[in-house]
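Residues per chain are reported as follows:
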Amino acid sequence: MAESIVMGFESSCDETAVALVADGRLVLSSQVASQNDLHQRYGGVVPEVASRRHLEVLPILVGQALRSAGLGFKDLTGLAVTSEPGLIGALLTGVSFAKGLALRLALPLAAVNHLEAHLYASELDREPVEFPAVGMVVSGGHTEMHAMSGWGNYRLLCATRDDAMGEAFDKVAKLLGLGYPGGPILEQQARSAPASPERFPMTRFKDRSLDFSFSGLKTAVLNSVKGRVLREAEVASLCAKFQATAVEEVRVRVRGLLMSVKPKSLVVGGGVACNGPLRQALLEEAAAFKVVLRIPPPVYCADNAAMVAGLGARMLETGRGVGLSASARPSGSLEALRL
Ligand code: KG4
Ligand code: ZN
């Protein structure tokens, strides 16, 4: 018999998701409805369109989650919802929906930070993370690394100064005419290129900061394309060259931070962590420094609600971020969680 069964809701961007998690880690059901079909023709997420779809789909996913787990509302011990960061309208639909349900069912509600949920995904269906850890979020909206002494306790080590890594994949895929969302399509294209691709020049800051920047890399791809009609093989080579450079940018930072911070674990989350070459590079670096790599399987790297329900269960246990006063916020950093 589980001590807690938490229902989680995710609607911060273009995925609507509802999940049920027992005791903070065991996933009983994870329902995800992608909106790719809606946004494809615009080449990116249209916020108002996303919010409207969330509203339609949330109640349907709640029914599906309960049915697939063989549970009813009476079995739930708490609720959790992503309240920050994200598209404000999209967040509001999830937060309002969850608050309504919390009132109706008289259940406690935890307001979850989406980035922390991405990191927490590494505990789903697995043992707890060993701290201290270095945490890295690589998604469509964020690319940042933190020193973690526990859940809820973050110190920013480096972050992107411009595009997030996923955003760079999406923009490069768009300029190569590959479609949306670009990350997975670009990875697939790169697979048909020769095995060891060349790389574009790497980012270097004068102040020797470990911060990321992907705008130069994006421009390098743009300059290689300008005014030319590319053959299929050339597109594949460019994808491979871009991907190899982006992955190397992560590798050098991970290596530097594992060397200086000396954590027990490297915790990774976010949609870009689905990328095969990135996962391989992280495996190699973690092995070289004898650090435990905690990276979820791809289904829990991409946006989902199991990570929200799992983290929410932990927050409900400790009382952090619990209550009906939770509000949707478009920004929201991990460091602020400590305050
Ligand atoms: O975490 P996520 O689902 O949503 C945000 O919180 O942003 O991440 C979505 C991002 C998109 O930019 C998408 O292109 C990227 O993750 N992505 C990938 C891959 N799969 C998804 N990027 C590179 N390679 C992939 N295989
Ligand atoms: Zn995400």
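Provided above is the structure to which this section pertains.
Scope of this entry: the structure provided in the associated data block. Small disclaimer: the values here were computed from a predicted structure and weren't measured. Once a new chain begins, its residue numbering starts again from 1 and follows that chain's sequence as written. Each chain is given a letter, starting from A, and each ligand a number, starting from 1, according to the order in which they appear as written. Selection of residues for local features in this predicted model requires a pLDDT of at least 70, selection of side-chain atom pairs for listing and counting requires 80 or more, and totals for whole chains, interfaces and linings are taken over all residues. Think of the side-chain values as coming from all heavy atoms in the structure, minus any hydrogens and water.

### Points about helix 5 (residues 165-175)
Heads up, the rule is: Relative accessibility thresholds used throughout: buried, under 20% of the residue-type maximum; exposed, over 50%; partly exposed, between the two (1.4 Å probe, protein chains only). We count a stretch as a helix when DSSP gives it H or I for four or more residues in a row; a strand needs E for two or more, and each element gets its number in order from the N terminus. Each C-beta atom gives one direction from the helix axis, and the arc is the one those directions make. In this description, contact between two residues means that some pair of their heavy atoms is separated by no more than 4.5 Å.
Regarding helix 5, the residues found buried are Met-165, Gly-166, Ala-168, Phe-169, Val-172 and Ala-173. Seen along its axis, helix 5 keeps its buried residues to an arc of 160°; they face one direction. Taken together, the buried residues of helix 5 touch strand 6 (133-138), strand 7 (143-150), helix 6 (182-191), helix 7 (215-225), helix 8 (232-261) and helix 9 (276-288). Downstream of helix 5 by one or two residues, Gly-177 has phi in the positive range, about 70°.

### Regarding the site of ligand 1
The condition that has to hold: When at least one non-hydrogen atom of a residue lies within 4 Å of a molecule or strand, that residue is treated as near it. We define a polar contact as two N or O atoms separated by no more than 3.5 Å, with the added condition that, inside protein, one atom must be a possible hydrogen donor and the other a possible acceptor, whereas residues neighbouring each other in sequence contribute only through side-chain atom pairs. In this description, accessible areas are obtained by the Shrake-Rupley approach with a 1.4 Å probe, and a residue is regarded as covered only by the protein chains that are shown.
Taken together, 18 residues lie around ligand 1, and His-118, Gly-140, Asp-170, Glu-187 and Gly-271 are the ones closest in. Contacts to ligand 1 include Gly-166, whose backbone N or O atom sits 3.1 Å from an oxygen atom. Between ligand 1 and Asp-170 there is a distance of 2.6 Å, counted from an oxygen atom to a side-chain nitrogen or oxygen. If ligand 1 stood free it would expose 550 Å²; the protein chains cover 87% of that surface.

### A short note on the packing of helix 6 against helix 8
The criterion, for reference: Axis geometry follows a simple rule: fit a line to the C-alpha atoms, using only the stretch in contact for helices, then measure angles between N-to-C directions, giving values from 0 to 180 degrees. Note on angle classes: values under 35 degrees are labelled roughly parallel, values over 145 roughly antiparallel, values of 65 to 115 roughly perpendicular, and the remainder oblique. Each crossing is labelled by how the near helix is turned from the far one, with a counterclockwise turn of less than a right angle marking it left-handed and a clockwise turn marking it right-handed.
For the pair helix 6 and helix 8, the least separation of the axes is 7 Å and the interaxial angle reads 115°. If you check the angle between helix 6 and helix 8, you find them roughly perpendicular. Seen from above, helix 6 lies across helix 8 with left-handed handedness. Residues Leu-186, Glu-187, Gln-189 and Ala-190 of helix 6 touch helix 8, and the partners they reach there are Val-235, Ala-236, Cys-239, Ala-240, Phe-242 and Gln-243.

### Quick word on the environment of Arg-161
In this fold, Arg-161 is placed in the loop between strand 8 (153-159) and helix 5. When the C-alpha positions of Arg-161 and Asp-211 are compared, they lie 6.7 Å apart, and in sequence the two are 50 residues distant. One polar contact links Arg-161 to Asp-207, side chain to side chain, over a distance of 3.2 Å.

### A word on the pairing of strand 4 (residues 78-84)
Applied cut-off: DSSP-based pairing: two strands are paired if at least 2 bridges between them are found.
With respect to burial, strand 4 is a largely interior element, seven of its seven residues being buried. Here strand 1 (residues 5-10) runs beside strand 4; their pairing, made up of four bridges, is parallel. Its bridge partner being in strand 4, Val-6 is matched across the sheet by Gly-78. Bridging between strand 4 and strand 5 (residues 109-113) involves five bridges; their strand directions are parallel. Paired with Ala-80 across the strands is Ala-110, a residue of strand 5.

### Brief notes about the sheet that holds strand 10 (residues 292-294)
Spatially, five strands are ordered 8-7-6-9-10 in an open sheet, and the strand pairing comes out mixed. Edge positions in the open sheet fall to strand 8 and strand 10, since each of these has one partner strand only. Neighbour-to-neighbour, the strand axes of this sheet turn through a mean angle of 25°, independent of strand direction. Summarising the sheet, strand 9 (residues 265-269) and strand 10 pair through three bridges and their orientation is parallel. Along strand 10, the bridge assignment pairs Leu-266 with Leu-293.

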